[in-house]
Amino acid sequence: MASADRLRRITEAVREAGSAGVAELAALTGASEMTIRRDLETLAEQGILERYRGGARSLLLRGDEPPFGLRATEGLEAKRRIASEVAGLIADGESVVLDSGTTCLEVARALEHRRLTVMPLSLHAVNALTGAPDLTLLVPGGRPRRGELALTGPLAEASLAALRFDTAVIGCCGLNAANGLTAYDLDDAATKRAAIASARRVIAVTDGAKFSRTALAFVAPATALHAVVTDETAPEGEVDALAAAGVHVRQV
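Residues numbered from 1 in each chain as written. Predicted model: local features only at pLDDT ≥ 70, side-chain atom pairs only at ≥ 80, totals over all residues. Heavy atoms only, no water.

Engineer: Quick question: what am I supposed to make of the sheet that holds strand β1 (residues 19–21) here?
Structural biologist: Hydrogen bonding along the main chain pairs the strands of a sheet, whether they run parallel or antiparallel. Sheet architecture is open: three strands sit in the order β1-β3-β2, paired in antiparallel fashion. With partners counted over all chains shown, the strands left at the sheet margins are β1 and β2 (49–52), one partner each. Each neighbouring strand pair of the sheet contributes to a mean axis angle of 20°, computed without reference to strand direction. Across the sheet, helix α1 (residues 3–17) is in contact with β1 and β3 (55–58); its angle to β3 comes to roughly 70°. Those strands touched by helix α3 (residues 33–45) are β2 and β3, and its axis lies near 135° from that of β2. (Pairing = 2+ DSSP bridges. Helix = DSSP H or I, 4+ residues; strand = E, 2+ residues; numbered from the N terminus. Axes fitted to C-alpha atoms, helices over the stretch in contact; angles between N-to-C directions. Contact = heavy atoms within 4.5 Å.)

Take a look at the structure:
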C-alpha cells in the first residue's frame, strides 16, 4: 500500500473508531508496526490525531473535512482528468473565478499556459499560477484557512462582489440533486455563494464519492449549476437526477 493510501486508511480507521492500536492498524494496512508508528507521528504533527502509548486517538470529528495534505494525493489521476475536461470547456480570453480545494488546484495547473484572467480563491492555486506567461492573475483579499489556505471572509466576498466573471469553477464537499452543493466550513460556503453569484456560468468539479455526502453548510441548489464534471464512479442515479434538474453532467 502506498504511503498516501496508508495514511488515509489510518486516518479513517482512527476517526471511525475514536482510537486504534498500533497492532490493529498494522493488520489493517499490512505494514509493519514500526511503519505504523512513523505514520502516526506524521499524522499527529498534522493535528489529525493524538498519540498515546501503543496507539492513537482521533482529533477529528466524523463530520470534519479530511486535511488538505491527505486529500491532495487522493484520486489524483481522476482529478487531473476532471481538470483537463474543465480546461476544455473554458475559452481563451475568459475571466474565471476558481474555488479552493484539491480538484480546483488541479484545474489551476491545467490552466497555467492559457490566455485567461483567473482569480483563485486559494493561496495554493495562487502559487500554482504565479509566473504563468499569458495569464492575468487576480488575487482577492481574505483570511486564509489554516492548511486549506482557502481565502474566506468579508474581504474575499467583497472582492467577488466587485467583479463579474464568465465562469466560476466550484469545488464541493457534498453534491446531490436533493440537497444541492454543500461545504464543511460556514465561511467557505459563503465565499462559494459569492463566487457563484459573480459568474455567468457555474461549473462544479467533484469526484464520484462526493455524490453520497451532504456536508453541514448549504451553498446552493443543484439548479444553480450549469455543468458538473466528475469521474466515472459517480452514481448513475445521482447523475440522472442532476440531468433531470437541467444540469449537464460530464464523466471522465
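Engineer: Any chance you could explain the pairing of β2 here in plain terms?
Structural biologist: Side-chain direction in a regular strand flips from residue to residue, so the side chains alternate between the two faces of the sheet. Sheet analysis places β2 next to β3, joined by four bridges and oriented antiparallel. Each residue of the ladder has a partner; that of Arg 51, found in β3, is Ala 56.

Engineer: Sorry, what's going on with the sheet that holds strand β5 (residues 117–120) here?
Structural biologist: In space, the seven strands of this open sheet follow the order β6-β5-β4-β9-β12-β14-β15, with parallel pairing throughout. This sheet does not close on itself; its edge strands, each paired only once, are β6 (136–137) and β15 (248–251).

Engineer: Quick question: what am I supposed to make of the environment of Arg 6 here?
Structural biologist: If you trace the backbone, Arg 6 turns up in helix α1. Its relative accessible area of 12% is what places Arg 6 among the buried residues. Setting aside its immediate chain neighbours within four residues, Arg 6 contacts Met 1, Thr 29, Ala 31, Thr 35, Ile 36 and Asp 39. (Buried < 20%, exposed > 50% of the residue type's maximum accessible area, 1.4 Å probe, protein only.)

Engineer: Sorry if this is basic, but what is going on with the pattern of salt bridges here?
Structural biologist: Pairing is possible between side chains that carry opposite charge, provided their charged atoms lie close to one another. Here the structure, examined in full by the defined rule, presents 15 salt bridges. A salt bridge links Glu 94 to Arg 201; the nearest nitrogen and oxygen atoms lie 3.4 Å apart. Here Glu 94, found in the loop between α5 (76–89) and β4 (95–98), pairs with Arg 201, found in strand β12 (residues 199–205); they are 107 residues apart in sequence, far enough to count as distant. Ionic pairing is found between Lys 192 and Asp 188, a salt bridge with its closest N-O pair at 3.5 Å. Linking Lys 192 with Asp 188, this pair stays in helix α9 (residues 186–197), spanning four residues, or about one helical turn. (Salt bridge = Lys/Arg side-chain N within 4 Å of Asp/Glu carboxyl O.)

Engineer: Just checking my understanding: could you explain the packing of helix α8 (residues 154–161) against α9 for this structure?
Structural biologist: To describe two helices that pack against each other, one gives the angle between their axes and the distance between the axes. It is the contact of α8 with α9, at a shortest axis distance of 9 Å, that shows an interaxial angle of 5°. When the interaxial angle is binned, α8 and α9 end up roughly parallel. Side by side, α8 and α9 meet where Ala 156, Glu 157 and Leu 160 of the first sit next to Ala 190, Thr 191, Ala 194 and Ala 195 of the second. (Parallel < 35°, antiparallel > 145°, perpendicular 65-115°, else oblique.)

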